[in-house]
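Topology and contacts: notes
The primary structure of each chain is shown beneath.
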Amino acid sequence: MTAPAAAPVRVAVLGCADIARRRMLPALAASPRTELVAVAGRDRRRAEETARPYGCRAVHGYDAVLEDEAVEAVYVPLPAALHARWAEAALRAGKHVLAEKPLTTDRRRTRELLELARERGLALVENTMFVHHPQHAVVRKLLADGAVGELRSLRAEFAVPRRPEGDIRLRRELGGGALWDTGVYPVRAALYFLGPEAAVAGAVLTDDPRHGVDVSGAALLRTPDGVTAQLAFGLDHGYRSVCELAGTRGRIVVDRAFTPPADHAPVIRVEGATGVEEVRLAPFDQVAAAVDAFAAAARAGAVPDARACLRQAELLEEIARAGRPARD
């Protein structure tokens, strides 16, 4: 039975990942556009503990949720290597899907899933939250208005401190590594500001031999008209979350570019020949905005940002290939 267009989308969560517990479960429960109906987990006790604060059902195993007609959509915060399997299973079960980034670690599988969702009239959304924050739209307008002249380069960095032993980001079989975890952010920023024609000119990935995954990396992208993007990312660094766009007459700097807290009031710094201007914005909850955008896509039966999602998958794969050409 099809739900009314104004009704909240009934969402179940597949897994009890940290990002789900810290950010997405509270947002799904708080949004008037979604109804959190279940948390599914391989560990029954953990699922019960995760579901209890929200008064929703705890389900043992993921398949049971996909068979439940009361569930319209699923959120998939599983390790990256499992995204494709469970996103496909959910789509084939007739569920809309919000999956953590990256949607998959294989451009072919990303293309297949986007096509499957389109064919079935279902929403498939990669949970790249920062693109919903208005600070980036403000930067785009500043660029379009010529605030720093003609754009010449972009620098984007996202890096976090060392992960503890056992963290899934350090497990190769689960799709771990800096590229798939933190590299997604600067790559998507390059697409957001430079467009889909940006291509990989070179890359370097540095592996941790103990874990067999990359813990840092850098990439150089270039557009057909010569604008460059210098991207850096890592899992063993001092925290960095910055985007800088340099033009012929100055530069624009955005700190806390990718994961600003909901109470953070952004300050966009515009440096030019006549001095520095600070553009101050009100705090904004990008997590809530991402949830609401997914709900809207589900009610529309749409696959938003499919082109950007696929191009991002292509670029990530090209960076992986360029960054470690000798690795099998």
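Below is a summary of the structure that appears in this document.

Quick notes on the rules
Residues numbered from 1 in each chain as written. Predicted model: local features only at pLDDT ≥ 70, side-chain atom pairs only at ≥ 80, totals over all residues. Heavy atoms only, no water. Axes fitted to C-alpha atoms, helices over the stretch in contact; angles between N-to-C directions. Helix = DSSP H or I, 4+ residues; strand = E, 2+ residues; numbered from the N terminus. Parallel < 35°, antiparallel > 145°, perpendicular 65-115°, else oblique. Left-handed = near helix turned anticlockwise from the far one by under 90°. Contact = heavy atoms within 4.5 Å. Nonpolar A, V, L, I, M, F, W, Y, C, P; charged D, E, K, R; others polar. Pairing = 2+ DSSP bridges. Buried < 20%, exposed > 50% of the residue type's maximum accessible area, 1.4 Å probe, protein only.

1. As for the packing of helix α8 (residues 184-194) against helix α10 (residues 306-323)
Orientation of α8 relative to α10, taken along the N-to-C sense of each, is 125°, at an axis distance of 10 Å. For the element pair α8 / α10, the angle class is oblique. As for how α8 packs across α10, the hand of that crossing is right-handed. The segment α8 lies against α10, with Val184, Val187, Arg188 and Leu191 engaging Ala308, Arg311, Gln312, Leu315, Leu316 and Ile319. Residue composition of the contact of α8 with α10, by class: seven nonpolar, one polar and two charged.

2. Quick word on the sheet that holds strand β10 (residues 228-234)
With respect to topology, eight strands assemble into an open sheet ordered β8-β9-β10-β7-β11-β12-β13-β14, the strand pairing being mixed. Strands with a single pairing partner mark the edges of an open sheet, and in this sheet they are β8 (199-208) and β14 (275-280). Adjacent strand axes in the sheet meet at a mean angle of 10° when their direction is disregarded.

3. Some points on the environment of Gly202
Inspection of the secondary structure puts Gly202 in strand β8. With a relative accessible area of 25%, Gly202 lands in the partly exposed category. Sequence-wise, Gly202 and Ile319 are 117 residues apart; in three dimensions their C-alpha atoms are separated by 7.4 Å. Other than its neighbours up to four places away in sequence, Gly202 contacts Ala219 and Leu220.

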